[in-house]
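The lines below spell out each chain.
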Amino acid sequence: MNAEESACASSDAASRWDQLRWSQHERNIRRLQARIVKATKEGRWGRVKSLQWLLTHSFSGRALAVKRVTTNQGAQTPGVDGATWQMPATRYMAIGTLRRRGYQPQPLRRVYIPKSNGKLRPLGIPTIRDRAMQALYLLALEPVAETTGDPNSYGFRRGRSTADAIQQCFVCLSHVDDSATWVLEGDIKGCFDNISHGWMLGNIVTDTEVLRKWLRAGFVDKRTWFATEAGTPQGGIISPTLANLTLDGLERLLKERFRPHSGHGPHAFRKRHNPKVHLIRYADDFVITGNSRELLADEVLPLVERFLNERGLQLSPEKTKITHIRDGFDFLGQNLRKHRVKMLVTPAKKNVHAFLQKVRTVLANNMASEQAPLIRHLSLVIKGWANYHRHAAASRLFATVDTRIFEALWWWAQHRHPNKSPGWIAKRYWRPIGRRFWEFAVTDHHSGTGRRITLKLARAAEVHIRRHVKIRSEANPFDPAWKDYFTLRAQRVKRGLAVPGGRRSPLS
């Protein structure tokens, strides 16, 4: 092909990408996913695999996979080949490359990101083509994972969040007389890095040949290739779903083993025994409730360890412990503790400390910055943290946090102007707005209209506290029976209204 023909082909591919009818392709995939859900419920696994084959070989599935990996947050992050699909023509031609026949994934590019404890977490970045293939097969795997998943698993699942997991903990522990009083805090040691390949290949309903290639692709670190004998790499699009499928089944196992039952003897009906064992899991972090320390230590913990050992996993000794609810425990950045008869959920002290340290780091890194960009940056940090905790009992803490931020801002201003008086500094950076006399604010130009506006720093106390209504445990976003429920829930969340909850039927 000469240069002129190549340019024409590229122009034609670009126009074809721009003309794709995404709504139609999404409808095609939703129909196939709904059929996969129906076959999964009926236990027709041969039918499930046939439908998965249709989806992964369809044009709609391949197009949506390319769209996902080229529009998400990591679209410009390359793998070992350094390639990214930025141009429309490249994206359209990439659709035709997502073929199972002859497919061989490349090794992952190993990078390291810092953890909260100061250690480094390994992250594997696949090539853009491998990410697209994972996104394609994830379209076929997610309906199975949502249909067979544990009801109270909330991590990396559509429509579910940390707020749902915290609210489920509140439901299981908040009753005055009949709630569990002990909690087993569990954390799986290196979950993503140690899952047994053999277990995944033998138990996950997907194309095992493609899955085997992903698991054994290895990774490149400092120009050296390393084999992967276990685990699924953090960084792959499909990895969180694979981890969820590996851990699913633990809740059902606990319910079968520790179900409420009546005692023995003539007065058995008066001696109903309820161990109050409930599992709440978010990714690889989980808590299990129980009515006694002995029950959790002698019966529940060994059962969990056996379940994990079958999958090549083990609990972290440092992070796994048994706690009384009156002493409280931290879960997903929040602290749950019962004060006499009242259950309180508040931001965890470690989380608050990490947030304030982040604010101080932002200020220290912006000593020479103008006030307007600093306000924009810092407001995003404050709003993000406060919105995460807006469902907790955090009103007083939000006010305290705003005070600490004010002190940090005063330190920032004093270090910028060490020879100026406090009055000069206050007049330079703070101004009265409404009923408040000390607002960290500046006059700036609106980016769209060019008009002069007053830009002020967001405050945590401006975020309203609102009780979160947990998603129904059995809700399935791929099941057409739940379509109205998810549509109404999304609309109410967008408008800031109470979301539907309770134990009603899916269409009620």
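That block above? That's the structure.
Basis of the calculations
Counting from 1, residues in each chain are numbered in the order their sequence is written. In keeping with the model being predicted, local features are shown solely for residues with a pLDDT of at least 70 and side-chain atom pairs are shown and tallied solely at 80 or more, while totals for entire chains, interfaces and linings include all residues. Based on all heavy atoms of the structure, the side-chain values leave hydrogens and waters out of the count. We define a salt bridge as a contact between a side-chain nitrogen of Lys or Arg and a carboxyl oxygen of Asp or Glu at a distance within 4 Å. Only protein chains enter the accessibility calculation, which uses a 1.4 Å probe. A residue is then buried if its area is under 20% of the maximum for its type, exposed if over 50%, and partly exposed in between. Each helix is a run of H or I in the DSSP string that is no shorter than four residues. Each strand is a run of E no shorter than two, and both are numbered from the N terminus. Planes of paired rings set the category: under 30 degrees apart is stacked, over 60 is edge-to-face and the rest tilted, where pairs are Phe, Tyr or Trp rings (Trp by its six-membered ring) whose centres lie within 6.5 Å. One bridge is not enough; two strands pair if DSSP finds at least two bridges between them. Lines fitted to C-alpha atoms define the axes, with helix axes restricted to the stretch in contact, and inter-axis angles between N-to-C directions lie between 0 and 180 degrees. Think of a polar contact as two N or O atoms within 3.5 Å of one another; within protein, one of them needs to be a possible hydrogen donor and the other a possible acceptor, and neighboring residues in sequence only count if both atoms come from side chains. Every residue pair with non-hydrogen atoms within 4.5 Å of one another is taken to be in contact. Orientation categories follow fixed angle ranges, with anything under 35 degrees roughly parallel, anything over 145 roughly antiparallel, 65 to 115 roughly perpendicular, and all other angles oblique. Each helix crossing is assigned a hand: it is left-handed if the near helix lies turned anticlockwise from the far helix by less than a right angle, otherwise right-handed if that turn is clockwise. The definition of a nonpolar core used throughout is a set of buried Ala, Val, Leu, Ile, Met, Phe, Trp, Tyr and Cys residues joined through side-chain atoms within 4.5 Å. Given the number of residues in a helix, its expected span is that number minus one, multiplied by 1.5 Å. Each direction from the helix axis to a C-beta atom contributes to the arc, which is the arc of those directions. A pair of sulfur atoms, both from cysteines and within 2.5 Å, is called a disulfide here.

A closer look at the pattern of salt bridges
Okay, step 1: Evaluated as defined, the whole model comprises 20 salt bridges.
Okay, step 2: Here Glu42 ties to Arg44 by a salt bridge, and the two come within 3.3 Å at their closest N and O atoms.
Okay, step 3: On the accessibility criterion, Glu42 (42% relative accessible area) is partly exposed.
Okay, step 4: A relative accessible area of 43% means that Arg44 is categorised as partly exposed.
Okay, step 5: With a shortest N-O distance of 3.2 Å, Arg257 and Glu299 are connected by a salt bridge. Placement of the pair is Arg257 in helix α12 (residues 250-257) and Glu299 in helix α13 (residues 293-309), with a sequence separation of 42 residues.

Notes on the packing of aromatic side chains
Two aromatic rings are characterised by how far apart their centres lie and by the angle between their planes.
Okay, step 1: Taken as a whole and judged by the stated rule, the model has 20 aromatic pairs.
Okay, step 2: Residues Trp430 and Phe440 carry aromatic rings whose centres are separated by 5.2 Å and whose planes lie at 65 degrees to one another, so their mutual orientation is edge-to-face. Here Phe440 lies in strand β13 (residues 436-445) and Trp430 lies in strand β12 (residues 430-433), a separation of ten residues in the sequence.
Okay, step 3: We classify Trp430 as buried; its relative accessible area is 6%.
Okay, step 4: Among the residues examined, Phe440 registers a relative accessible area of 3% and is labelled buried.

Some remarks on the sheet that holds strand β11 (residues 342-347)
Okay, step 1: Across the sheet, three strands lie side by side as β9-β10-β11; this open sheet has antiparallel pairing. If you trace the sheet from one side to the other, it starts and ends with β9 (329-331) and β11, each paired once. Adjacent strand axes in the sheet meet at a mean angle of 30 degrees, parallel and antiparallel pairs treated alike.
Okay, step 2: Here β9 runs beside strand β10 (residues 334-339); their pairing, made up of three bridges, is antiparallel. Considered in β10, the bridge of Asp330 is made with Asn335.

Things to note about the sheet that holds strand β1 (residues 108-114)
Okay, step 1: With respect to topology, four strands assemble into an open sheet ordered β2-β1-β4-β5, the strand pairing being mixed. Both outer strands of the open sheet, β2 (120-125) and β5 (224-226), are each paired with one neighbouring strand and no more. Averaged over all pairs of adjacent strands, the angle between their axes in this sheet comes to 40 degrees, without regard to strand direction.

A word on the side chain of Ser379
Okay, step 1: Here Ser379 shows up in helix α15 (residues 371-388).
Okay, step 2: Given the relative accessible area of 9%, Ser379 is considered buried.
Okay, step 3: A polar contact is formed between the side chain of Ser379 and the backbone oxygen of Ile375, at a distance of 2.8 Å.
Okay, step 4: Looking at Ser379, its side chain comes within polar contact range of the main-chain nitrogen of Ala458, at 3.1 Å.
Okay, step 5: Once you skip the residues sitting within four places of it in the chain, Ser379 turns out to touch Lys456, Leu457 and Ala458.

Here we look at the packing of helix α4 (residues 59-71) against helix α6 (residues 128-148)
Okay, step 1: Relative orientation of the contacting elements α4 and α6 amounts to 125 degrees, with a least axis distance of 8 Å. Accordingly, the angle class assigned to the pair α4 and α6 is oblique. Judged by the twist between their axes, the crossing of α4 over α6 is right-handed. Of α6, the residues touching α4 (which contributes Gly61, Arg62, Leu64, Ala65, Arg68 and Val69) are Ile128, Arg131, Ala132, Ala135, Leu136, Leu138 and Leu139.

Some words on the nonpolar core
Okay, step 1: Among the nonpolar cores identified, the biggest contains 75 residues, and Ile188, Trp214, Leu254, Ile288, Val300, Val304 and Leu308 are the most heavily contacted of them.
Okay, step 2: The element that contributes the greatest number of residues to this core is α6, accounting for twelve residues.
Okay, step 3: Each residue touching Val300, except ones within four places of it in the same chain, is listed here: Leu184, Leu254, Phe258, Val277, Ile288 and Leu295.
Okay, step 4: Membership of the second largest hydrophobic core comes to 33 residues, among which are Ala372, Ile405, Val442 and Leu455.

Some thoughts on helix α14 (residues 349-364)
Okay, step 1: Compared with an ideal rise of 1.5 Å per residue, which puts 16 residues at 22 Å, α14 spans 22 Å between its outermost C-alpha atoms and is within 8% of the ideal.
Okay, step 2: Along α14, the positions that sit buried rather than exposed are Val352, Phe355, Leu356, Val359, Val362 and Leu363. One face of α14 carries all of its buried residues, which in axial projection span an arc of 115 degrees. Seen from the open side of α14, the exposed residues pointing more than 90 degrees away from its buried face are Lys350 and His353.
Okay, step 3: Where α14 is buried, its residues touch β11, α15 and α16 (395-416).

Concerning the environment of Arg326
Okay, step 1: Topologically, Arg326 is positioned in the loop between β8 (321-324) and β9.
Okay, step 2: When near neighbours in sequence (up to four residues on either side) are disregarded, Arg326 contacts Arg337, Lys338, His339 and Arg340.
Okay, step 3: Looking at Arg326, its side chain comes within polar contact range of the main-chain oxygen of Arg340, at 2.7 Å.

Describing the state of the cysteines
Okay, step 1: Using the criterion set out here, one finds zero disulfides in the structure.
Okay, step 2: With no disulfide of its own, Cys191 lies 18 Å from the sulfur of Cys169, the closest cysteine sulfur.
Okay, step 3: Look at Cys191 and you get buried, because its relative accessible area is 3%.

Things to note about the side chain of Lys338
Okay, step 1: Position of Lys338 among the secondary structure elements: in strand β10.
Okay, step 2: Assessed through its relative accessible area of 7%, Lys338 is described here as buried.
Okay, step 3: Among the polar contacts made by the side chain of Lys338, one reaches the main-chain carbonyl oxygen of Leu173 at a distance of 2.9 Å.
Okay, step 4: Here the side chain of Lys338 touches His175 through a polar contact of 2.8 Å, landing on its backbone oxygen.
Okay, step 5: Look past the residues within four positions of Lys338 in its chain and what remains in contact with it is Leu173, Ser174, His175, Val176, Ser179, Ile325, Arg326 and Met343.

The values are spatial; any link to function lies outside them.
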